[in-house]
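Per-entry structural report
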Amino acid sequence: MPLLELKGVRKDYGGLRAVDDVSLHVPEGAIIGLIGPNGSGKSTLINLIAGTTDLSAGRIVFDGDDISDYSSDQVFRRGIARGYQEPSLYFKMTALDNALLPVKGQRGEDPWYAPWRRRWQAQEENHARSAIDVLEQVRLLQHYDTLASDLSGGQMKLLEIARALMGEPKLLLLDEPTAGVAPKLAYEIFQQIGRLRDDHGITFLIVEHRLEILFDFVDYVYVMHLGNLLAEGSADDIAKHATVREVYFGE
Amino acid sequence: AQDDMETYVLGVVLPFSGNLGTFGQDFARGVELAVSQVNAELEAAGRPIRFEIASADTENTPEGAARALQTVVQTTGAQVSVGPLTTSEVLGAKQFADENGIVIVAPASSGAAGAIPGDNIYRVIYPPDVFASKAYANIALERGHENMVVLHLDDPFGNGMNEGFTANFQAGGGGEVASFAYTPGATELSSEAAAVSAALAGFGDNAGFFCVCFLSGAQAFLQVAQIDPILTSVQWMGNEAMTAAEILADSGHAQTLANADFITVSFSSESTPLTQIFIDDFTAMFDKEPGIFTNYAFDAANIAMLTMLAAGNDGAAVKSMLPFIANHYIGTAVQAFLDENGDQAIASYGLYMVSDDLSAFDEVGAYNGNTDTITYN
Amino acid sequence: MIKVDSLTAGYGKLEILQELSLAFAEGQFSALLGPNGSGKSTLMKAIMGINTIFGGSIQLDGRELVGLRTEDISKLGIAYVPQRENIFTEMTVLENLQLGLRALPREQRQDALEELLKLFPILGRRESQKAGLLSGGEHQMLAIAIAWLSRPSIMLLDEPSAGLAPAIAGDVFRVLQDLRRQGITLVVVEQNARRVLQYCDYAFVLREGRLAFEGSAEDCLNDEETIKGYLGVHEGAVSTSP
Amino acid sequence: MPTALLVTSVVNTIQIGSLYALMALGITLTFSVIRLPNFAHAEYVTVGAFAALIVSLSGEVNPIVIMAAAFVVGALVALVSHLVVFKPLEGRNVSLYTLILSSFAVGLILRYILFMIADSFNLFDTRIRIPLQIIYREGALILTNVFAWVAPTSIALVLLLTLLLNGTPLGREMRALANNISLARVIGIPVERVKNYTWILVGGLAGVAGALWGLQTAVSPLMGWVAILSVFAAAILGGLSSFSGTILGAYVVAFSENTVMLFLNFNFGVDLAYKPAIPFFIIIVVLLIRPQGFTELFNRSRDLQR
Amino acid sequence: MINIDIGATAVAVLTLFGIYSLMAISLNLEYGVAGVPNFGQALFVSIGAYVAGLTYTRLLPLLAGEGVIHPCRGTMGQALQLRSEIMATQPVAGFINLGFTFLFAAVVAGLVGFAVSYVTLRLKEEWFLALVLLVGGEIVRIVVRGADDLICSHNGISGVAQPFYFLDDPRASAVLFMSLALVLAALAYFYSQRLVHSPFGRMLKGLRENEDVTRSLGKGISLARAQIMLIGSVIAAAGGVLFALNTGFVNTNDYVVTLTLDVWVMVVLGGVGNNRGALLGALLIAIMDRITQIAAIALNMSGSPIEFNYARFILFGVILLLMLRYRPQGLLPESPLTTDAHEILRRVRGR
Ligand SMILES: Nc1ncnc2c1ncn2[C@@H]1O[C@H](COP(=O)(O)OP(=O)(O)OP(=O)(O)O)[C@@H](O)[C@H]1O
Ligand SMILES: Nc1ncnc2c1ncn2[C@@H]1O[C@H](COP(=O)(O)OP(=O)(O)OP(=O)(O)O)[C@@H](O)[C@H]1O
Ligand SMILES: [Mg+2]
Ligand SMILES: [Mg+2]
């Protein structure tokens with residue numbers, strides 16, 4: 001059974017059908033690419049899965065549950081975390097606070113317990129330990145008390161991934177994780193993604209225009225065009241697909 | 001002998017800002033005049049006592065009044081305050097005054113809510129509105145009004161006057177009273193005027209209108225009422241604030257009042273010879289005429305100072321002696337005579353109407369609150 | 001020609017560019033390369049008079065730009081497409097385009113608009129849409145369009161192809177080449193170094209606020225050190241370039 | 001509700017609604033161009049009223065001269081408050097609430113400067129010296145010279161402003177600057193000049209509104225402050241962005257304060273003392289139920305297509 | 001002749017400081033930390049005051065074993081006399097009544113705050129909430145004023161005395177009341193400090209910075225907002241009870257928009273997001289109010305022609321503008337390292 005399954009998903013904005021009857025599935029532990037021309041509905045699809053946008057039609061099934069009507073916080077708690085096309089960190093908070101905020105089930109988030117430090121301190125220590133691990137993995141540990149706004153563009157992207165990981169997601173949705181990132185760093189980000197999949201079994205659905213990097217890492221690719229699924233297949237298949245080459249590469 | 005000179009501080013706690021700021025300023029001038037006159041007399045007599053004024057702004061709120069009184073007292077050691085102005089400000093300052101033995105001599109507060117026995121509030125000049133409301137009820141009955149429409153300020157003064165008037169009017173055999181409240185500070189009263197007019201129309205003939213308004217409200221009301229066919233065809237009564245010079249400055253407003261046989265019951269009476277002297281002195285000192293209630297502040301300050309001269313700068317002594325001094329004082333209004341609440345018990349009012357040339361308000365009669373009788377000249 | 005001379009510039013008290021000197025020759029298509037945070041955008045902002053300039057000079061055909069207001073610099077014929085926030089999101093696409101046209105004489109506006117819509121037909125279809133609701137790529141096209149509509153003699157573009165699908169990105173580069181042929185001086189910041197180097201004449205590589213390399217596009221492509229050390233251009237296993 | 005009452009209240013609605021519209025447009029303009037919910041707008045209105053009063057006390061009774069003076073003074077005060085207070089703050093990239101607070105502070109300062117002026121020149125409770133005259137009378141319908149000035153002037157100014165904003169390049173530039181000021185600079189819009197124009201327009205309109213408002217009531221340093229929440233209610237009904245919505249909003253507020261209030265009073269005995277609560281109810285209901293106000297009635301977005 | 005009674009002045013200013021601190025801390029939690037722009041501070045403060053008006057007239061006589069006298073109109077004087085007598089002679093009834101006053105005020109204000117926070121969900125722009133609350137406060141004021149029987153608000157309720165009124169020495173009673181205000185302010189301060197440093201505080205700051213992202217990170221933001229509004233409202237209402245007791249008079253005219261603005265000025269002056277800043281702001285306003293009043297008195301006595309009672313407001317406006325311009329973060333800006341996590345991480349890492 002796939003981890004995530006979309007059945008006939010549709011989204012209308014006024015008279016505009018941004019996503020039209022898309023069905024796809026994401027197997028557990030895979031890295032799936034989602035590509036397509038600008039405005040083809042990729043970001044909208046990510047928003048639909050993450051619950052930030054309401055579906056017009058269709059169903060979304062995740063890990064055996066129908067999550068079509070979940071709000072974004074429910075989706076996250078169910079195990080789907082996301083990154084944004086524009087970095088959406090808490091810029092006025094430190095990297096550490098950014099990382100700790102999404103942790104689930106924090107006792108200190110209950111205002112009854114919050115004033116009594118002893119009630120949540122032990123738990124917070126555990127979370128701090130995992131934050132050390134995760135920040136270490138994205139090489140941000142030495143910046144733990146830096147404000148997110150003071151990080152460089154690439155570091156921001158990495159912190160966004162780290163923050164999503166702290167929610168211990170099963171599935172991570174990333175929207176152009178390397179837009180505006182220098183090629184070397186972009187490659188490193190993808191290496192990191194590969195390692196997370198291998199070591200922690202996290203599944204990825206990634207929107208990306210930089211195919212020269214993306215295609216090195218993906219197991220399977222879906223191509224969108226005008227809101228529809230145009231093609232799917234392995235990276236090699238897609239690179240050779242005539243229509244894709246036409247609408248996407250402009251040949 | 002300079003060293004032996006003693007200084008008594010007279011607190012002046014009034015609304016200088018907010019929508020009664022104009023009254024506060026003018027009252028303070030009245031007090032200033034009184035103080036300068038008393039000081040001059042003390043100097044001429046060679047007495048080693050002088051008065052000084054310490055004034056603070058109530059911001060026209062009760063809590064502000066409490067803070068202002070507290071500041072004046074704690075900054076200068078004042079034991080006596082002239083003001084606050086309105087009944088709610090007076091009540092706001094009451095707790096601090098009572099607890100700390102400070103005497104409040106309120107020149108113009110007349111709301112029924114301030115009539116409390118045994119406390120430190122003395123409303124020495126202006127009688128409580130129970131009298132005026134009775135006078136207005138009598139006039140209305142005498143004019144043959146079967147029903148009445150009242151437009152009143154939505155504050156202790158306006159509500160108290162309205163309640164008192166309604167009770168007296170109906171007790172005297174009057175019919176229905178329709179009352180409309182307007183918010184203090186409102187600058188535009190056209191819907192209120194329309195409502196009043198409609199109510200008057202509903203009552204048919206023999207209905208009268210009674211306006212309990214402050215100056216700005218009265219102006220806003222007159223501005224719309226002057227073209228209203230019904231309002232301009234009935235008889236009007238109104239409180240004293242409507243006799244301000246600014247009203248007559250607008251010929252349309254003056255004409256409207258004259259046509260409506262507008263009558264007011266005013267405590268400001270030319271009955272003592274000191275009134276004109278006060279007006280002249282005030283004009284000489286400040287280069288402008290005193291405002292409408294300013295002489296009450298002048299009188300209140302005089303009573304406060306005379307008491308202090310007799311009892312010293314000590315709240316408790318002043319409190320015990322003040323009724324005696326007040327009862328023996330004759331000022332620009334009438335004599336004072338305090339009741340058990342510390343309020344003016346003498347209620348002899350003048351009745352005023354617009355003069356034929358629209359230039360002033362003429363005294364046309366008198367009302368004696370203590371005997372409840374109206375006499376016309 | 002824009003001539004930058006020992007320019008020190010940054011934000012507030014922070015100095016990013018250090019004594020930078022370089023020149024963008026007239027009619028040339030120059031690429032501005034370098035890792036994240038190396039100061040490429042900062043240089044463009046300095047030319048436009050947006051950030052703090054601590055010292056040095058920037059001259060346009062001998063005329064000093066330092067000290068001029070942004071709007072006056074723009075009037076000298078320099079158009080700039082910022083990296084972010086480069087469209088009027090609350091206005092419609094058409095209004096955005098009209099704002100781009102405001103510098104043109106009235107009679108040329110219609111032609112310019114028609115020409116543009118041939119280039120980016122999707123913008124025509126989105127004419128009455130609020131610009132803030134465009135997709136990432138549509139957004140980027142609109143930004144370039146606004147700058148181009150003023151018919152500038154110099155264009156500064158900060159990562160014009162970021163977020164664009166290869167087909168559109170290809171179009172953009174072809175448009176840039178066209179513009180260069182029309183005699184417009186171009187300065188383009190780009191992360192996709194390989195690609196831009198195919199189109200441009202000349203390249204500058206910045207690192208930590210200093211000039212690390214300058215030379216013709218060819219030299220740059222052949223300069224192993226620059227490619228590996230500063231750009232780290234990666235060649236994908238699957239060939240995706242057309 | 002008797003006809004006479006209905007007719008009078010409708011005339012009042014038109015007169016007061018026109019004035020609210022004039023005041024509210026300035027608020028909408030500042031909000032949509034400068035992104036500032038400007039509470040000091042109240043004081044620009046008051047300043048205009050005082051200017052009108054002082055001119056009228058000098059013996060001048062031509063309403064056009066009086067309004068021109070009010071426009072100039074209002075514009076001047078608005079421009080100065082922009083240059084001295086708001087412009088330096090904008091450069092510092094402060095939060096919206098800081099701006100709101102500073103507009104309150106500007107209002108406070110202006111209010112008490114007016115208190116000082118009124119106190120030293122004896123202007124408290126004086127009226128603009130234009131006598132009220134009835135110019136038309138037919139049954140319960142009575143129109144005055146003030147009505148004849150207030151309603152057409154407001155409506156004409158409102159129309160002009162709407163045209164300016166939606167139909168002219170200056171208007172488009174104003175909105176561009178509202179949306180993204182640094183980009184506006186980059187594409188060469190003379191930002192400071194456009195802003196100054198905006199403030200002049202805002203202040204001038206408020207000044208004229210003040211002069212007309214002063215014809216209707218007594219001039220006092222608090223007059224604008226007292227009206228400001230009704231005016232804000234009107235602007236919010238317009239979604240703070242649409243001019244036609246704002247105008248409609250102004251009439252709705254005036255209609256509720258006059259006709260609706262009188263209807264409730266006459267038929268259900270609701271106390272007139274609750275009248276000040278009406279604009280507040282309108283604000284709450286609109287913000288909660290239809291936060292876009294009347295905007296969409298006027299610019300229905302055309303259907304999008306691929 | 002200026003002759004300042006330093007002791008009494010200090011007591012008065014510190015009492016106000018305590019009361020203002022409660023209001024400022026409340027707003028700082030709501031706006032400074034959680035980003036909820038509560039422009040209805042006057043509303044929540046007034047709830048405390050109105051509840052005090054109700055308990056003093058309805059509950060106090062019962063606690064003292066007397067019958068309740070209707071507090072308005074005809075029986076107004078009697079009712080006033082009765083409650084003054086009880087406060088002067090039966091301290092126990094006074095204290096129990098005060099306890100209930102705080103309790104009821106907290107419950108009512110908490111419920112209102114909790115409910116109001118859900119209103120935000122429907123609002124298009126965040127600052128609309130500011131307007132809704134600003135205007136909501138005015139509506140409540142107008143309605144309470146109109147519903148005269150509630151607290152006789154045409155006239156107001158006097159004789160709402162402090163609990164230490166029974167002491168003969170007014171100074172002692174003032175000092176004790178000041179201590180009560182300061183103790184409550186201190187409690188509120190330490191409580192809110194703990195909140196800010198906890199994961200709850202972290203979540204609130206996330207909410208302040210980006211609501212949508214916080215929701216998509218799995219946080220139930222409407223509940224969090226409701227919780228902080230509840231806490232803030234309770235603190236503000238406690239401030240309202242003390243505010244009313246300090247004057248001894250409950251009246252709707254005191255709870256107008258300007259009170260809200262004063263609290264905002266305290267928070268912005270002190271430093272948004274920093275509880276210490278809120279305290280500093282409260283202190284500054286309490287002191288500034290007194291100093292400008294004293295200056296007005298002194299200037300007047302010295303015969304200065306400036307009408308300082310007007311100039312006072314202009315001065316206040318100018319100071320506020322200068323602060324906003326030159327110290328927009330306030331005197332004590334928020335530190336980014338407030339949560340305890342940093343300390344914990346440093347320790348964990350150190351091992
Ligand atoms: N809220 C909205 N209202 C109206 N139209 C929208 C909205 N959001 C997106 N659209 C439109 O829907 C279409 C799909 O947008 P989407 O952001 O999903 O594209 P995308 O595939 O992510 O493109 P890109 O690669 O350029 O980011 C676009 O044409 C866009 O203009
Ligand atoms: N507004 C700002 N305030 C303070 N520092 C800034 C600001 N903008 C950028 N910086 C800093 O200036 C440095 C250079 O930034 P710049 O934007 O010029 O980099 P860039 O070369 O364009 O990088 P990228 O390719 O990531 O866009 C970075 O360290 C960045 O953190
Ligand atoms: Mg996208
Ligand atoms: Mg950049």
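Residues numbered from 1 in each chain as written. Chains lettered and ligands numbered in written order. Predicted model: local features only at pLDDT ≥ 70, side-chain atom pairs only at ≥ 80, totals over all residues. Heavy atoms only, no water.

Turning to unusual backbone geometry, a few remarks are in order. B:P84 follows B:G83 through a cis peptide bond whose omega is 10 degrees. Looking at the element boundaries, B:P84 is found in the loop between β3 (80–82) and α3 (87–100). Not every positive phi belongs to a glycine, and A:E176 is a case in point at roughly 50 degrees. Within the element layout of this structure, A:E176 appears in the loop between β7 (171–175) and α6 (183–200). The backbone of B:D261 sits at a positive phi, close to 50 degrees, despite the residue not being glycine. Its location among the elements puts B:D261 in the loop between α9 (251–259) and β10 (263–266). The exposure class assigned to B:D261 is partly exposed, which follows from its relative accessible area of 30%. (Helix = DSSP H or I, 4+ residues; strand = E, 2+ residues; numbered from the N terminus. Buried < 20%, exposed > 50% of the residue type's maximum accessible area, 1.4 Å probe, protein only.)

As a further point, take the coordination of the magnesium ion (ligand 4). Residues and elements named next belong to chain C. Around the magnesium ion (ligand 4), the protein contributes the donor atoms S41 (OG) and Q83 (OE1), which lie 1.9 to 2.2 Å from the metal centre. Of the two residues, S41 sits in helix α1 (residues 40–47) while Q83 sits in the loop between β6 (78–81) and α3 (93–101), which places them 42 residues apart along the sequence. By relative accessible area, S41 is classed as buried at 15%. Note on Q83: relative accessible area 34%, which makes it partly exposed. (Donors = N, O, S within 2.8 Å, 3.2 Å for Na, K, Ca; no water.)

Right, let's get into the arrangement of the chains. Inter-chain contacts occur across seven pairs of chains; the most extensive set of contacts lies between chains A and E. There is a clear gap between chain A and chain B: no contact, and 35 Å between their nearest C-alpha atoms. (Contact = heavy atoms within 4.5 Å.)

Near ligand 1 there are 21 residues, and of these A:N38, A:K42, A:S43, A:T44 and C:G137 occur at the shortest range. Around ligand 1, the nearby residues trace back to chains A and C. A distance of 2.8 Å separates an oxygen atom of ligand 1 from a polar atom in the side chain of A:N38. Within the contact set of ligand 1, an oxygen atom lies 3.0 Å away from a backbone nitrogen or oxygen of C:L133. Considered on its own, ligand 1 offers 640 Å² of accessible surface; in the complex 90% of this is hidden by protein. Contributions of two or more residues to the shell around ligand 1 are made by β2 (16–26) and α1 (42–50) of chain A together with α6 (136–149) of chain C. Classifying every residue of the shell around ligand 1 gives five nonpolar, 12 polar and four charged. (Near = heavy atom within 4 Å. Polar contact = N/O pair within 3.5 Å; in protein donor to acceptor, adjacent residues only side chain to side chain. Areas by Shrake-Rupley, 256 points an atom, 1.4 Å probe, with all protein chains shown as cover. Nonpolar A, V, L, I, M, F, W, Y, C, P; charged D, E, K, R; others polar.)

The next thing to look at is the state of the cysteines. A complete count under the given rule lists two disulfides over all chains for this structure. Put simply, B:C211 and B:C213 are joined by a disulfide, and their sulfur atoms are 2.2 Å apart. Between B:C211 and B:C213 the sulfur-sulfur dihedral comes to about -85 degrees; the bridge is accordingly left-handed. Between the sulfur of E:C72 and that of E:C152 lies a disulfide, 2.0 Å long from S to S. Across the S-S bond linking E:C72 and E:C152, the dihedral sits near -85 degrees, which makes this disulfide left-handed. Residue E:C72 is found in the loop between α2 (41–63) and α3 (76–89), and its partner E:C152 is found in the loop between α6 (148–151) and β1 (157–158); the two are separated by 80 residues along the sequence. There is no split in this pair, since E:C72 and E:C152 are both buried. (Disulfide = S-S within 2.5 Å.)

Residues and elements named next belong to chain B. On the secondary structure map, N239 appears in the loop between β9 (235–238) and α8 (245–249). For the pair N239 and M161, spaced 78 residues apart in sequence, the C-alpha to C-alpha distance is 9.4 Å. Ignoring anything within four residues of it in the chain, the contact list for N239 reads Y136, F157, F210, C211, V212, C213, F262 and T264.

What follows is about the pattern of salt bridges. In the structure shown here, the tally under the stated rule is 56 salt bridges over all chains. One salt bridge in this structure joins C:R181 and C:D178, with 2.9 Å as the shortest N-O distance. Of the two residues, C:R181 and C:D178 are both situated in helix α7 (residues 166–181); the distance of three residues between them amounts to about one turn of the helix. Of the residues examined, C:D178 reaches a relative accessible area of 38% and is grouped as partly exposed. It is possible to trace a salt-bridge network through shared partners that takes in B:D57, B:E59, B:E63, B:R67, E:D289 and E:R312. (Salt bridge = Lys/Arg side-chain N within 4 Å of Asp/Glu carboxyl O.)

Attention shifts here to the sheet that holds strand β6 (residues 147–153) of chain B. Residue and element names in this part refer to chain B. The strand order across the open sheet built from eight strands is β7-β6-β8-β9-β10-β11-β12-β13, with neighbouring strands paired in mixed fashion. This sheet does not close on itself; its edge strands, each paired only once, are β7 (177–182) and β13 (373–376). In this sheet, neighbouring strand axes are inclined to one another by 25 degrees on average, regardless of whether the strands run parallel or antiparallel. Two strands pair when backbone bridges link them, and strand β8 (residues 207–212) and β9 are joined in this way by four bridges, in the parallel orientation. (Pairing = 2+ DSSP bridges. Axes fitted to C-alpha atoms, helices over the stretch in contact; angles between N-to-C directions.)

Residues and elements named next belong to chain C. In space, the six strands of this open sheet follow the order β6-β7-β8-β3-β9-β10, with mixed pairing throughout. Either end of the sheet is taken by a strand with one partner, and the two such strands are β6 and β10 (210–216). Taking each pair of neighbouring strands and ignoring which way they run, the sheet shows an average axis angle of 15 degrees. Across four bridges, the pairing between strand β3 (residues 29–33) and strand β8 (residues 185–189) is parallel. Paired with F29 across the bridge in β8 is L186. Its contacts with the sheet put α6 on β6 and β7 (154–158), and the angle it makes with β7 is roughly 160 degrees. α7 rests against β3, β7 and β8 of the sheet, and its axis sits at about 150 degrees to β8.

This part covers the confidence of the model for chain E. For chain E, mean pLDDT is 90; residues scoring 70 or higher make up 99% of the total. When mean pLDDT is taken per element in chain E, helix α1 (residues 6–33) of chain E scores highest with 96 and helix α14 (residues 341–350) of chain E scores lowest with 82. (pLDDT = per-residue confidence, 0-100.)

Let us now look at the interface of chain A and chain E. Counting from both sides, the interface comprises 38 residues of chain A and, opposite them, 38 residues of chain E. Together, the buried faces of chain A and chain E total about 3600 Å²; carbon and sulfur atoms form 62% of this surface. Counting across the interface, chain A meets chain E through six salt bridges. At the surface where chain A touches chain E, the tally comes to 17 residue pairs in polar contact (both at pLDDT 80 or more). Mapped by element, the contributors of at least two residues to the side of chain A that touches chain E are α2 (72–78), α3 (95–100) and α4 (117–137) of chain A. Of all the elements, α4(A) adds the most residues to the side of chain A that touches chain E, at eight residues. Here the residues of the side of chain A that touches chain E sort into 20 nonpolar, six polar and 12 charged. (Buried area = accessible area lost by both parts, 1.4 Å probe.)

A few words now on the pairing of β8(B). All names here are of chain B. The buried fraction of β8 is high, at six of six residues. Two elements, β6 and β8, share six bridges in a ladder whose sense is parallel. Directly across from M148, in β8, lies its bridge partner G208. What joins β8 to β9 is helix α7 (residues 215–225), and the crossover it makes is right-handed. (Right-handed = clockwise from strand over helix to strand, strands pointing away.)

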